[in-house]
Amino acid sequence: MVLSASLHHPGSLNEHPAPQFDPDLVRRYAGAGPRYTSYPTALQFTKAFDAGQLKTFAQSSNEELLPRDLSLYVHIPFCATLCFYCACNKIVTRNARTAADYLERLHREVALYGGLFDDDRELTQLHLGGGTPTFLETAQIRDLLDCIGEHFPVTDDVSRDYSIEIDPRTVSEETLDRLREIGFNRVSMGVQDFDPVVQKAVHREQSCEKTLSLVRHARTQGFGSTNVDLIYGLPLQTASSFTATLDRLLEVSPDRLSIFHYAHLPHLFFPQRRILESQLPSSEEKLNILGAAIERLAEAGYIHIGMDHFARPDDPLVSAFHDGTLHRNFQGYSTHAECDLIGLGVSAISHIGDSYSQNTKLLSEYQDGIDAGEFPIDRGLALSRDDKIRQSVIERLMCAGEVDLDEVSAEHRPVPEDYFRDDLERLQTLLRDDLITFPSARIIRVTAKGRFLLRNICMIFDRYIEPTADIPRHSRVI
Ligand code: SF4
């Protein structure tokens, strides 16, 4: 049930037009909107969902004719220092005891979830995210993986995807070697920007040379891919300074690159109050930064996968993108077939069968729940029939850039002929703006210009977003 394109295979490379960045269109459309790592989004989760429902969904998933493989996400919320732009659920501390207490609960949560799933359901994906997973000692990470191995069938298959986010400021090449030995085969690094002036303004000072050397080292140690995260829209950034960051990174050609937009929401994310608004780039400058970055990556041969993600042509994500087997889940795009996703740790989200559930975001509540032997769920959602139909449409658009409404209808039959009538009417504006085409009356295809505005196209099918006749005018400029 991850956001995937598994039922539709758009075929050859030529069917994906090279994306076109149109600043006028982006100016009109880009702004607030879900990233659709799930549909419905977490905003729709409610307190009505409880552990009893979770167990029922897990049991049903075991009883399916072909039970799905499993994917595990583990949230390690600790960070040694605070980055001012941060919107993650994290705890800034230097107290190793806090992490040790948390890990003790994580081990128990692994056992709780392990008891829900049949032994033949392989763990094909594992991701440690945060916060900063490498806040933990390597021995603690090894113990955690051993514990996971005791309760879930880990696989040795080369196609497995076991990844970890590392902080290049604190991780050494030796630590990277140990992580590889433990079993990780993919690594993700936060960079954001190499410009010392920008780094100072966001309180994240990180050596460019050390980061590049870690990317090189990861490659020599057999990590199958290295992902690097950048952020545009940070204080004091300009198109030329950001391009300079990209140029340095391109010296080592990371396999995957994500370029996220910084959303300045200090009323929601307390650390952002330390960012000086007067230093933020204007909307026009942000457009220039994004346009220049896209151009630079295209020159370097990177393929735009979707949303904010780019990859080298030889990366498996690109093959999956071209052959129609790309998937989407809470970590972004993935090559793995539909899995049931188990989220462990504070704020982590699970996606089991047709349900979502999210753990409490508070450390004390999380620990109390585990101590009481309970699943520390705070909220969730059992998907309605309409949710599932719309999820199918959105997953195809996000992953394949195309949806055949007849295929969706066949998958969820019976779906009345006019089920999408209102959505199709509202798509007319996007059609006029050349974001989509209709190769036939029931097929919607994202155009080259629409590739950078995927979320706006998907929002048409999101029943939780108030329909408006004129979405462009009501959307915020980036
Ligand atoms: S951006 Fe990452 S490292 Fe920085 S405070 Fe947030 S979670 Fe921690």
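Note that the coordinates shown come from a computational prediction; the quantities given were computed from them, not determined experimentally.

Criteria and cut-off values
- For every chain, the first residue of the written sequence is number 1, and numbering continues from 1 along that sequence.
- Totals for whole chains, interfaces and linings use every residue, but because this is a predicted model, local features are given only for residues with pLDDT of at least 70 and side-chain atom pairs only at 80 or more, for both listing and counting.
- Only hydrogens and water are set aside when side-chain values are computed; all heavy atoms of the structure are taken into account.
- By convention in these notes, a salt bridge is any Lys or Arg side-chain nitrogen within 4 Å of a carboxyl oxygen on Asp or Glu.
- Numbering of helices and strands runs from the N terminus; a helix is a DSSP stretch of H or I covering at least four residues, while a strand is a stretch of E covering at least two.
- Burial classification: accessible surface area is computed with a 1.4 Å probe over protein chains only, and a residue below 20% of its type maximum counts as buried, one above 50% as exposed, and the rest as partly exposed.
- Near is defined per residue: the residue qualifies when any heavy atom it owns lies within 4 Å of the molecule or strand.
- For this scheme, ten residues count as nonpolar: Ala, Val, Leu, Ile, Met, Phe, Trp, Tyr, Cys and Pro. Four count as charged, namely Asp, Glu, Lys and Arg, and the remainder, Gly too, count as polar.
- A pair of strands counts as paired when DSSP detects no fewer than two bridges linking them.
- Axis angles are defined between N-to-C directions and span 0 to 180 degrees, where every axis is a line fitted to C-alpha atoms and, for a helix, only to the segment in contact.
- Working rule for contacts: check all heavy atoms of both residues, and any pair within 4.5 Å makes them a contact.
- Here, nonpolar core refers to any group of buried Ala, Val, Leu, Ile, Met, Phe, Trp, Tyr and Cys residues whose side-chain atoms link them within 4.5 Å.
- Under this scheme an angle from 65 to 115 degrees is roughly perpendicular, one under 35 degrees roughly parallel, and one over 145 degrees roughly antiparallel; angles in between are oblique.
- Working rule for handedness: look at the near helix, and if it is turned counterclockwise from the far one by less than a right angle, call the crossing left-handed; if clockwise, right-handed.

Trainee: Provide a residue-level description of the pattern of salt bridges, including the pertinent values.
Mentor: Under the criterion given, the structure shown has 38 salt bridges. One salt bridge connects Asp-315 with Arg-256, and the closest N-O pair in it is separated by 2.9 Å. Of this pair, Asp-315 sits in the loop between strand S11 (309-311) and helix H10 (316-323) while Arg-256 is found in strand S9 (residues 256-261), placing the two residues 59 residues apart along the sequence. Looking at Arg-256, the relative accessible area reads 11%, which means it is buried. For Arg-390, the salt bridge is made with Asp-386, and the minimal N-O distance between the two is 3.0 Å. On the criterion of helical spacing, the pair formed by Arg-390 and Asp-386 is a turn pair, its members being four residues apart in helix H12 (residues 385-400). Across this residue pair, the class does not change: Arg-390 and Asp-386 are buried. Linked through salt bridges whose partners overlap, the residues forming this network are Asp-386, Arg-390, Asp-423, Arg-426 and Arg-463.

Trainee: Kindly report on the site of the ligand, identifying the contributing residues and their values.
Mentor: Contacts to the ligand come from Cys-79, Thr-81, Cys-83, Tyr-85, Cys-86, Cys-88, Gly-131, Thr-132 and Arg-204. Of the residues that constitute the shell around the ligand, the class distribution is five nonpolar, three polar and one charged.

Trainee: For the sheet that holds strand S20 (residues 443-446), give the residues involved together with the corresponding values.
Mentor: Taken in spatial order, the three strands make up an open sheet running S18-S20-S19, and their pairing is antiparallel. Sheet topology places strand S18 (402-404) and strand S19 (436-440) at the edges, where each strand pairs with a single neighbour. Adjacent strand axes in the sheet meet at a mean angle of 20 degrees, parallel and antiparallel pairs treated alike. Here H12 sits on the sheet and contacts S18 and S20; the angle it forms with S18, its principal contact strand, is near 145 degrees. Packing against the sheet, helix H14 (residues 421-432) makes contact with S19 and S20, and its axis sits at approximately 120 degrees to S19.

Trainee: Requested: an account of the nonpolar core, with residues and values cited.
Mentor: Core analysis: the biggest nonpolar cluster contains 72 residues, and Val-74, Tyr-113, Phe-152 and Phe-184 have the highest contact counts within it. Of the residues forming this core, the biggest block, six residues, is contributed by helix H3 (residues 96-114). Discounting residues that sit within four places of it in the chain, Phe-152 has contacts with Leu-70, Leu-72, Val-110, Tyr-113, Gly-114, Phe-117, Leu-123 and Ile-342.

Trainee: Let's hear about the packing of helix H5 (residues 173-182) against helix H7 (residues 208-220): which residues, and what values?
Mentor: The interhelical angle for the contact between H5 and H7, taken along N-to-C directions, is 30 degrees, at an axis separation of 10 Å. In terms of their interaxial angle, H5 and H7 are classed as roughly parallel. Considering the relative orientation of H5 and H7, their crossing is right-handed. Note on element contacts: H7 touches H5 through Ser-213, Leu-214, His-217 and Ala-218, opposite Glu-173, Leu-176 and Asp-177. A class-by-class count of the residues in the contact of H5 with H7 yields three nonpolar, two polar and two charged.

Trainee: Kindly report on the pairing of strand S8 (residues 225-232), identifying the contributing residues and their values.
Mentor: For S8, a buried count of eight out of eight residues is recorded, marking the element as mostly surrounded by other parts of the structure. A two-sided burial pattern is seen for S8, the buried positions comprising Ser-225, Asn-227, Asp-229 and Ile-231 on one face and Thr-226, Val-228, Leu-230 and Tyr-232 on the other. Where strand S7 (residues 186-192) lies against S8, six bridges are found, and the strand directions are parallel. When the sheet's bridge partners are listed, Gln-192 is paired in S8 with Leu-230.

Trainee: Could you give me a rundown of unusual backbone geometry, with the residues and numbers involved?
Mentor: Following Tyr-39, the chain continues into Pro-40 via a peptide bond in cis, with omega recorded as -10 degrees. Counting through the fold element by element, Pro-40 comes out in the loop between helix H1 (23-29) and helix H2 (51-63). Positioned with a positive phi, Ser-347 is a non-glycine residue whose angle comes to about 70 degrees. Position of Ser-347 relative to the elements: it lies in the loop between strand S14 (339-344) and strand S15 (349-352). For Asp-434, which is not a glycine, the phi torsion comes out positive at approximately 65 degrees. With respect to the helices, strands and loops of the structure, Asp-434 is situated in the loop between H14 and S19. The class of Asp-434 is partly exposed, set by a relative accessible area of 32%.

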